[in-house]
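# Structural overview for review
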Amino acid sequence: MPERLVAGVDSSTQSTKAVLCRAADGAVVATASAPHPDGTECHPDHWWSALTQVGDLLERADAVAVAAQQHGMVALDGAGEPVRPALLWNDTRSAPQARDLVQELGGAKAWAERTGSVPLASFTVSKLRWMAEHEPDRARRTEQVMLPHDWLTLRLGASEPVTDRGDASGTGYWSPATGAYLPDVLRAALGRDAGTPRVAAPGERVGETAWGAALGPGTGDNMGAALGLGLEPGDVVVSIGTSGTAFAVAAEPAADASGLVAGFADATGRFLPLVCTLNAARILSAAAAMTGAALDELSALALAAEPGAGGLTLLPYLDGERTPDRPDASGVLAGLTTSNATRENLARAAVEALLCSLADAVDHLAAQGVRPRRVLLIGGGARAGAVRALAPAIFGTPVTVPEPAEYVALGAARQAAWALAGTPEPPAWPAPPATEHTADRTDAGVRARYAALRDTAPQI
């Protein structure tokens, strides 16, 4: 019998990445990618165009699933056409609308209890309110609201508009605790009722592609990464990509009234408390530009400096920030003197700032009952040698670095294999190879100085 293959897609802010895997054990057979336009809004047709560019790989698969960037607002008219380019998660124009919605609908505690999260500019519900206020004609034309992965799954062959509980939990109008949409919240945001995709069961087969492959329901990118890594309770993932995220799987939903932790669902029936920062790998690229260094040279510069960067501290809110919620903030470099103004210290301050921001994120998870057994460091930023070397001391715990891989796409492929098998649980693929990193000290002083700057710096 021919070997069965499955494909997973990661449709991210920057690109479409696809992996073709053996259904039995997840071994990668082939990969492909295609770019997306840059920016904070994007017409969905660009995602479909990129997906067709990896079509040769997908058509070799017996099953396919799509994981994609969370929160993106895909508003469709009665003919199923987008009424405007999708507003992406990293578009912060709807920050005032997020604040308004929180106040109008009972405050932060009520939002956390109903939706698992307190909405920020990134959430779909906030973007709907922005459109209702600034583009009322487009809002009136909106008959259906979807997310990026929902739209791509429908185009691939889903029998109806469908989503999964993981991605639905990032909209702001679906409840992880009850597993139901909150139509009154959607109506308050958009100013009218609109259709929403059916929430499929984890691992459900939701349709068939044009070449006869089974179609999984898909999920959000963070949920895809959790599935690709095979997370178990006690595993905390810190992902350093365009955004920074810290997340873990949990048996019970989170409801953090502070808004720091988003109480998402995962792709398996459990929950995925998550903290997201707007600035992550771009902190490193900005520091590289300022020092005139390539990214690999930046790591060497950072490792040549002493802990604490000679007294330099960077608050890395270069493009505003999501956690803490400071959409209009900018970066701050404090402690600069003639004696510490070196490329090495600036590089070190940037790496320390990135890791302190993410260590704060892990602490926020711990405040919601997550007890880290280990920290797994993934994403493009985790490939920087200085990040791997400094992380254990700043996190105060050993750090596991899985072998670089497209874990979001691998999670989607694992979901596709699940839909193909029709089993109660996803297939038990082997854990990825990983290296362990430890430190003989904890950089408490670095974190304390960072916290002092974070708490006293101007909000804009």
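Residues numbered from 1 in each chain as written. Predicted model: local features only at pLDDT ≥ 70, side-chain atom pairs only at ≥ 80, totals over all residues. Heavy atoms only, no water.

### Points about the pairing of strand E22 (residues 374–378)
Using the following cut-off: Each residue is placed in one exposure class: buried if its accessible area under a 1.4 Å probe, protein chains only, is under 20% of its type's maximum, exposed if it is over 50%, and partly exposed if it falls in between. The helix count covers DSSP runs of H or I at least four residues long, the strand count covers runs of E at least two residues long, and both are numbered beginning at the N terminus. Following DSSP output, two strands are said to pair if at least two bridges run between them. The handedness rule is simple: strands pointing away from the viewer, and a clockwise path from the first strand over the helix to the second, make the crossover right-handed.
For E22, the tally of buried residues reaches 4 of 5 residues, placing the bulk of the element in the interior. Both strand E16 (residues 235–240) and E22 contribute to a ladder of 5 bridges, which runs parallel. The partner of Ser239 across the bridge, within E22, is Ile378. For the segment spanning E22, helix H14 (residues 385–395) and strand E23 (residues 399–402), crossover handedness is right-handed.

### Re the state of the cysteines
We count it as follows: Count a disulfide wherever a pair of cysteine sulfur atoms falls within 2.5 Å.
Counted according to the given criterion, the structure contains 0 disulfides. Counting only cysteine sulfurs, Cys276 is the nearest neighbor of Cys42, a cysteine outside any disulfide, at a range of 19 Å. Cysteine Cys276 remains unbridged, with the sulfur of Cys356 as its closest cysteine sulfur at 18 Å.

### Re the nonpolar core
Nonpolar side chains in soluble globular proteins tend to be buried together. The criterion, for reference: In this text, buried Ala, Val, Leu, Ile, Met, Phe, Trp, Tyr and Cys residues form a nonpolar core when linked through side-chain atoms within 4.5 Å. Two residues form a contact once any of their heavy atoms are found within 4.5 Å.
In terms of nonpolar packing, the biggest core is built from 58 residues, with Val6, Val125, Leu128, Met131, Phe247 and Leu272 touching the most fellow members. The dominant element in this core, judged by the number of residues it contributes, is helix H15 (residues 407–421), at 9 residues. Non-local contacts of Leu272, meaning those with residues more than four positions away in its chain, are made with Asn222, Met223, Ala226, Phe247, Ala248, Val249, Ala262, Phe264, Ala265 and Asp266. Within the second largest apolar cluster, 51 residues are counted, among which are Ile240, Ala309, Ala391 and Ile394.

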